[in-house]
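# Architecture at a glance
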Amino acid sequence: MKLTLVGRTGLTHVGDSLRRAAQECGHEVRLVDSANAWGRSRAWNSVAFRLRRRPSRLAHFSALVREVCERDRPDVLLTTGTAPLTGNCLSDLRELGLTCINYSTDDPWNRAHRATWFLRALPSYDLVFTTRRANIADFTRIGCHRVHYLPFAYDPKLFFPSECQSKEIDVLFVGGADRDRVAFVQEFALSGQPIDVVGPYWKRYKLPGVRVLGQRTPDELRRLTASAKVKDRKSVV
């Protein structure tokens, strides 16, 4: 099978893990990095997201993916998360005979991720897989006809037993600073138990008793996890 993937690469992004898994299964895979939907100017990217909640180069990236698919003629297009593709682009690809699938790794109705243009594009997919059973009815309500629950797994190329070098970490939490997670971590820290957090956006908050370790590489995550007495990993970093 020929597969075109749209997702982020590097670190522990799902796109790279799916690419490796597909190749190991013998499929021909091309990954198009969705980071290209954003321009080089951080200021302009920020303005585009704040004002329109969309990537600054959404139309350009959609055209790029269309060109790749017209040239490669894959059997399946698989996108991850809030994939930067328009509904028109997806309709064009389906007319080419592609099966278009979105793997919804985040809650599209979460205020941190919600984007009207993406919600409008979702019904243009043939299939939607979600990591949250609570979202299945939401997808159906907006017109997605085939929605299935597919939980996260782990990538054995990235995560495997690592030697514990110390026990300096009591509690470790790995995941981005979504509002519900911030509330949980803040309440947990108020109990007097120190907690270390790994992931993006935690530095935006002042949380007494919480040590922010930033984003870490897979090697560092393995060592930190092995060193922690208690650990909870909620999402891909």
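This one's a predicted model, so the numbers in the text were calculated from it and none came from an experiment.

## A word on the environment of Ala112
Tracing the sequence through the fold places Ala112 in the loop between strand E4 (99-104) and helix H5 (116-121). The class for Ala112 is partly exposed, based on a relative accessible area of 43%. Distance from Ala112 to Arg53, taken between C-alpha atoms, is 9.9 Å for residues 59 residues apart in sequence.

## A closer look at the nonpolar core
By size, the foremost hydrophobic cluster in this structure holds 27 residues, and its most contacted members are Val65, Leu77, Leu85, Leu93, Leu122 and Tyr125. Elements that contribute at least two residues to this core include exactly helix H3 (58-72), helix H4 (87-95) and H5. Among the elements that make up this core, the one with the highest residue count is H3 (five residues). Sequence-distant contacts of Leu93, that is, excluding residues within four places in its chain, are made with Val65, Arg66, Cys69, Leu77, Leu98 and Cys100. Counting 11 residues, the second largest nonpolar core, distinct from the first, contains Val185, Ile195, Val197 and Trp202.

## Some thoughts on the side chain of Asp107
When you line up the elements, Asp107 lands in the loop between E4 and H5. For the buried residue Asp107, which engages in no salt bridge, the nearest side chain bearing the opposite charge is Arg132, 5.2 Å off. A polar contact is formed between the side chain of Asp107 and the backbone nitrogen of Trp109, at a distance of 2.8 Å. Once you skip the residues sitting within four places of it in the chain, Asp107 turns out to touch His113, Arg132 and Asn135.

## Concerning unusual backbone geometry
Phi at Arg73 is positive, roughly 50°, even though this residue is not glycine. One can find Arg73 in the loop between H3 and strand E3 (76-80).

## Section: the sheet that holds strand E6 (residues 147-149)
Across the sheet, six strands lie side by side as E2-E1-E3-E4-E5-E6; this open sheet has parallel pairing. Each having just a single partner strand, strand E2 (28-33) and E6 make up the two edges of the open sheet. For this sheet the average axis-to-axis angle between neighbouring strands, irrespective of direction, equals 20°.

Basis of the calculations
- Residues numbered from 1 in each chain as written.
- Predicted model: local features only at pLDDT ≥ 70, side-chain atom pairs only at ≥ 80, totals over all residues.
- Heavy atoms only, no water.
- Helix = DSSP H or I, 4+ residues; strand = E, 2+ residues; numbered from the N terminus.
- Buried < 20%, exposed > 50% of the residue type's maximum accessible area, 1.4 Å probe, protein only.
- Core = buried A, V, L, I, M, F, W, Y, C linked by side-chain atoms within 4.5 Å.
- Contact = heavy atoms within 4.5 Å.
- Lys, Arg positive; Asp, Glu negative; His and termini not counted.
- Salt bridge = Lys/Arg side-chain N within 4 Å of Asp/Glu carboxyl O.
- Polar contact = N/O pair within 3.5 Å; in protein donor to acceptor, adjacent residues only side chain to side chain.
- Pairing = 2+ DSSP bridges.
- Axes fitted to C-alpha atoms, helices over the stretch in contact; angles between N-to-C directions.

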